[in-house]
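Chain by chain, the residues run as shown.
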Amino acid sequence: MMIRITDILDKTQEYLNESDLEMIEKAYIFSASVHKGQVRLSGEPYLIHPLAVTAILADMKLDVASIVTGLLHDTVEDTLAEIEQIEKEFGNDVAFIVDGLTKISKITFGSQLERQAENFRKMMLAMSSDIRILLIRLADRMHNMRTLEYQTKEKQLFTARETLEVYAPLAGRLGINWMKVEFEDLSLKYMGPREYLELAEWVAKKKGEREKYTTEVKKIIRRELENYGLKGEVEGRAKHFYSIYKKMKEQHLNFDEVYDLTAFRIVLDSDEIKECYEALSVVHALWKPVPGRFKDYIAMPKANNYRSLHTTVIGPYGERVEIQIRTKEMHEWAEKGIAAHWKYKEGQTFPSEDEDQIKKLRELLEDQQEHKDAREFMRNLKLALYPEDVYVFTPTGDVKSFPRGATPIDFAYSIHTDVGSQCIGAKVNRNIVPLRYQLKNGDTVEIITQKGHYPSKDWLKNVVTSRAISKIKHWIKTEEREKSITLGREIFDKELKRHRLQFKRLIKSDQFKDVLAEYTLNTADDMLALIGYGKLSAKQVIHHFMPGEERKEDETLFEKVKDKIKKSSPDAEISITGVDDVMVRFARCCDPLPGDDIVGYITKGRGVSIHVYGCPKIQKMDIERIIDVKWNIEKKHTHPVNIKVVCRDKKGLLVDLSNIIFSLGINISYVNIEATGDSFATCDFQVEVNDLNELNRMFSGLKNLKNVLSVERVSDPFFRVNRKRTHEKAE
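Residues numbered from 1 in each chain as written. Predicted model: local features only at pLDDT ≥ 70, side-chain atom pairs only at ≥ 80, totals over all residues. Heavy atoms only, no water.

1. With respect to the pairing of strand 9 (residues 423-428)
Remember that side chains alternate between the two faces of the sheet whenever the strand is regular. Note the threshold: Only strands that DSSP links by at least two bridges are regarded as paired with each other. Only runs of H or I of at least four residues qualify as helices and only runs of E of at least two qualify as strands under DSSP, and these elements are numbered from the N terminus.
As paired elements, strand 9 and strand 11 (residues 445-449) share 5 bridges and run antiparallel to each other. When the bridges of strand 11 are listed, C423 appears paired with T449. Two strands pair when backbone bridges link them, and strand 9 and strand 10 (residues 431-433) are joined in this way by 3 bridges, in the antiparallel orientation. What sits directly across from K427, in strand 10, is I432. Hairpin remark: strand 9 followed by strand 10, antiparallel, with 2 residues in the connecting loop; positive phi at N429, about 55°.

In C-alpha cells form, the structure reads like this:
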C-alpha cells in the first residue's frame, strides 16, 4: 500500500502539536521538490521510500525531529541539497541527524567488507551522540528489506545476511521485538527461499487445526484466571518463520516434528508483579510444567530490559504449550522497546531504564572501535550483538549478564580492562575455580588480581564476550608489535652495517618517505614491525638506498638465486613479487589453499616453497629468504587437504559424511575411521578441494550433521603419523 503524507499526519497528530505538523508538511514539500524525477528500481517515484520510512517512525511515535528527518534522510546523499540548507530550513537538531545518517559514498574502499565496516563505525559514532540516528537507520533498512525483490540476487543475499547478523540483533538490543522478528523473517526469505516457501505452505496447511487448538487453550486459560480473580488478556500467536526454521535446524527436526507452532501470552491488567507469579501458579496447576523450561526474566531481566515469565507445559492432547506472563507495562516494552517510552522532546528525558539500555548499547559498540581490520571489526560486532543468557552476581550483589559459555575472565573484563588484564584467579561461590570455568546462573563471582600480570594468548580459548576478546587481542597485538619492532630493528641494523648506511640519517631522508609511501606505511616503526613479522625484507628496503653499482651487484646476486630455480608452467597458481615464472611447491607442513594468507621461501635448488602465513616452520627459517607471494589463479587446480572429524559412533556414519562431501563435488582420496571405545569415533579424510571457500562449505555441511562434534583441518605430517599408526594396527 502506498503511503501518503496525509497518512503520516493522521498518525502523528495523535501525539504532536500543530506547529510540529506544519514542520512535517514543510519537510514533505522540500523532499518532494529535491527528489523530483528520481525513481526507485521498482520504477516508482523515489519519494515513496522516505514516506514509507517516516510512516514506520510515526508508528513508533518518535519525536518531530525524527519524523522530519525520515522525510529528509536521503536528501544530502542523493540530491543537490546541502546540509547547510537543511540546517537553515529545519534547525540544528534535524541537520545533525541527517548528517549522521548520510552514508560514506565518496570514499573508495578496497572491499565491500571495508565499506560495510566503515558504515557501521560511522553509525556508531553518530549514535553515541543521538540514539535517534540508529532508530531511523533501522526504519530505513526495514523499508529496504520490504522492497528487496527489485535488487540483484547478489545484493539481496548480502543485504539479507547483513540484516540478520547485525540489524536484527540491534533491534533486539533496543527491545523493538516486532522489528527484530520482521527482519529475521525477511532475511530468511532471501537467504533460504526454498525453506521459506516450504515453511509458508506447511504453516498455511496447519492453519485451521492450529486456530482450533489455540481457541480451546485460550478459553481454558481465561476461565482459570477468572476463577482466581486475575484479569487480563490471553493471546495466541503463531511463531514467526525464522524461529521455526532455527528450531528445526538446531534440533534436526522435520516439519511434522515441530509441535509448538503457537505461543500463548497472558497480559495482566494489573501492574502488580505478584499477579504474574499468581498467574504462573494457575498455569502450573492446570498443566504439568516441562522441567528446565521455566525462565524468570522479571527477577533477572534480559540485557535489553525485557521482563516476563516464560514457561512450557504439557497442554491439551499432550502437546507442548509455551506461555509468557507479563504486565501491560512489561508488554509495551517487550514489543516496542526504547520506542515505547520515547520522550526526546525539549525539556524531557528518558526514563532511567531506557538510559541504561542506551548506555549498555554504546559501551558494547565502543568496545569494537579498537579493531582496525574490517573483517575482525565485523566479526566482533556480530558476536557482541547476540543475546545474553547467564546471570551472575558481583560480591556486592549487582547482577551481570553474559553469553552462555562465559568464564571469570569475561566477568573480569566486564568490570574494567585493568581487572581483566591483571586477573590471576577467581572465586565462584567462595570457592577457587580455574579461569576456564563456565559461569552458571546465580553464581557469585570474585576476581583475584595481581599488579604486573598480563593477558595470555591462551585466554582467547576461554572467553566469549566481544569485550574480552577485543581487549585481549588488542594487548597481544600491541605486545607482538613491540617485539616485532625490536626484532625488525636488529635485522635492519645488521643489513645497514653490510652496506655502511646509518639508520638515523636514512629515515630523515626524502627518499625514505617515498619508500614508506611505496609500501603504504606511515612510520619507520611500521616498516620495522613488518620486517620483524617477516612480511618485508630488510634487503628490499635497503635496495632503494644503494648506489647504482651496488644495486646492480645485488640484483645480479638475486638473479643467481633465480637461475637455480626451474621454470614453471604458464598456468602457475602463484605469482612471486619481483620474479616471474619460477617453480613453486606447496609445503606439506601446512597445505596452503587458495584463500589462505601465504608467504614464499627460497629453498636451495628446489624452487620456492609456499607456506601459510603463521606456519610454525616459517618462524624458524632465514628471514632474508622469505619473499612476497600471492595467489594468481586462472585455471582451477585441486589441492589435497587433510581433515579430522570427531563424531558419535553411529551406524551409517561414513555414508552420512561421504554424502555431504560428494554432494559438493569434492573427491575423497583417503579415509580411515577409528572408534575410540567411548561411543565416539575419529574419521581421517584426505580430500581434494579447489580453494578455501570450497573447504569452508564442506566444513559447514559436516558440522550440520547431528552426530558430528568437531571438524578440523590438520597438517600432512600429523595425518601421515595417524595413517601409519592405523596401518600398523591393521597388520
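2. Description of the packing of helix 9 (residues 132-146) against helix 10 (residues 153-173)
The condition that has to hold: Interaxial angle, 0 to 180 degrees, is taken between N-to-C directions of lines fitted to C-alpha atoms, where a helix line uses only the stretch in contact. A crossing counts as left-handed when the near helix is turned anticlockwise from the far one by less than a right angle, and as right-handed when that turn is clockwise. We call two residues in contact when some of their heavy atoms are within 4.5 Å. Gly is placed with the polar residues, together with every amino acid not listed as nonpolar (Ala, Val, Leu, Ile, Met, Phe, Trp, Tyr, Cys and Pro) or charged (Asp, Glu, Lys and Arg).
Here helix 9 crosses helix 10 at 145°, and the two axes come no closer than 11 Å. The handedness of the crossing between helix 9 and helix 10 is left-handed. Side by side, helix 9 and helix 10 meet where L134, R137, L138, R141 and M145 of the first sit next to T159, A160, E162, T163, Y167, L170 and A171 of the second. The class makeup of the residues in the contact of helix 9 with helix 10 is 7 nonpolar, 2 polar and 3 charged.

3. Thoughts on the environment of S421
The condition that has to hold: The buried label applies to any residue whose accessible area, calculated with a 1.4 Å probe on protein chains only, is under 20% of its type's maximum; exposed applies above 50%, and partly exposed to all values in between.
By the secondary structure assignment, S421 is in helix 19 (residues 417-421). On the accessibility criterion, S421 (13% relative accessible area) is buried. A C-alpha to C-alpha distance of 8.7 Å links S421 and I409, two positions 12 residues apart in sequence. Filtering out sequence-adjacent residues up to four positions away, S421 remains in contact with Y413, H453, Y454, P455 and W459.

4. Describing the sheet that holds strand 14 (residues 598-602)
Spatial ordering of the open sheet is given by 13-15-14-16, a layout of 4 strands whose pairing is mixed. Two strands bound the open sheet, and with one partner strand each, they are strand 13 (584-586) and strand 16 (626-627). Looking at chain direction, strand 14 and strand 16 are connected through 2 bridges and run antiparallel. Paired with Y601 across the bridge in strand 16 is I626.

5. Comments concerning the pattern of salt bridges
Which entries qualify depends on this criterion: The term salt bridge refers to a pairing of a side-chain nitrogen on Lys or Arg with a carboxyl oxygen on Asp or Glu at a separation within 4 Å.
In the structure shown here, the tally under the stated rule is 18 salt bridges. Salt-bridge contacts for E235 lead to R265; the nearest nitrogen and oxygen are separated by 3.0 Å. Taken together, the residues span a long stretch of sequence, with E235 in strand 1 (residues 232-238) and R265 in strand 2 (residues 262-268) at a distance of 30 residues. For R265, a relative accessible area of 6% translates into the label buried. R489 is the salt-bridge partner of D493, the closest N and O atoms lying 3.1 Å from each other. With D493 and R489 both in helix 20 (residues 466-498) and 4 residues apart, the pair spans about one turn of that helix. Owing to a relative accessible area of 25%, D493 belongs among the partly exposed residues under this scheme. A relative accessible area of 33% means that R489 is categorised as partly exposed. It is possible to trace a salt-bridge network through shared partners that takes in D63, D93 and R132.

6. With respect to the packing of aromatic side chains
Quick reminder of the rule: Here a Phe, Tyr or Trp ring, Trp counted by its six-membered ring, pairs with any other such ring whose centre lies within 6.5 Å, and the pair is stacked when the planes are under 30 degrees apart, edge-to-face when over 60, and tilted otherwise. Remark: a charge is flagged as sitting over a ring if the NZ atom of Lys or the CZ atom of Arg is within 6 Å of the ring centre and within 35 degrees of the ring normal.
Following the criterion strictly, the structure yields 9 aromatic pairs and no others. Summarising the aromatic geometry, the rings of Y167 and F183 are spaced 6.4 Å apart at their centres and angled 55° between planes, so their arrangement reads as tilted. Here Y167 is found in helix 10, whereas its partner F183 is found in helix 11 (residues 177-191), with 16 residues between them in sequence. Here the two residues Y167 and F183 agree in accessibility, since each one is buried. Ring geometry for F402 versus F411: centroids 6.0 Å apart, planes at 40°, classification tilted. When sorted by exposure, F402 lands in the same class as F411, which is buried. Above the face of the F90 ring, K26 is positioned so that its terminal group lies 5.3 Å from the ring centre. One residue, R489, lies across the ring of F503, its end atom 3.7 Å from the ring centre.

7. Structural notes on unusual backbone geometry
Backbone geometry places N429, a non-glycine residue, at a positive phi of 55°. With respect to the helices and strands, the residue N429 is situated in the loop between strand 9 and strand 10. Of the residues examined, N429 reaches a relative accessible area of 40% and is grouped as partly exposed. The phi dihedral of R430 is positive, around 75°, even though this residue is not glycine. On the secondary structure map, R430 appears in the loop between strand 9 and strand 10.

8. Concerning a nonpolar patch on the surface
Under the convention used in this document: Grouping into patches uses exposed residues only, defined as over 30% relative accessible area, and leaves out salt-bridged ones; the cut-off is 9 Å for like charges and 5 Å for nonpolar side chains (Val, Leu, Ile, Met, Phe, Trp, Tyr). Where accessible areas are quoted, they stem from the Shrake-Rupley method and a 1.4 Å probe; at the residue level, only the protein chains shown are allowed to cover.
On the surface, L654, V671 and I673 cluster together into a nonpolar patch covering about 200 Å² of accessible area. Looking at where V671 falls in the secondary structure, it is placed in strand 19 (residues 667-675).

9. Digging into the environment of Y413
In this fold, Y413 is placed in helix 18 (residues 408-415). For Y413 and K471, which are 58 residues apart along the polypeptide, the C-alpha to C-alpha distance reads 8.0 Å. In this structure Y413 touches G420, S421, P455, W459, R467, A468, K471 and I472, once residues within four positions along its chain are discounted.

10. Topic: the sheet that holds strand 21 (residues 708-714)
Read across the sheet, 4 strands follow the order 19-20-18-21 without closing on themselves; strand pairing throughout is antiparallel. The open sheet has two edge strands with one neighbour each: strand 19 and strand 21. Pairs of neighbouring strands in the sheet enclose a mean axial angle of 20°, with direction left out of account. Packing of helix 28 (residues 692-703) onto the sheet brings it into contact with strand 18 (639-648), strand 20 (680-689) and strand 21, and relative to strand 21 it is tilted by some 160°.

11. Quick notes on the nonpolar core
Stated precisely, the cut-off is as follows: In these notes, a set of buried Ala, Val, Leu, Ile, Met, Phe, Trp, Tyr and Cys residues joined through side-chain atoms within 4.5 Å is what counts as a nonpolar core.
Ranked by size, the top nonpolar core spans 54 residues in total, and within it I24, L72, M179 and F183 carry the most contacts. If one sorts the elements of this core by residue count, helix 9 sits on top with 8 residues. Those residues within four positions of M179 in sequence are excluded, and the remaining contacts are I56, M60, L138, A139, M142 and A171.

As far as function goes, none of this settles anything; it's purely spatial.
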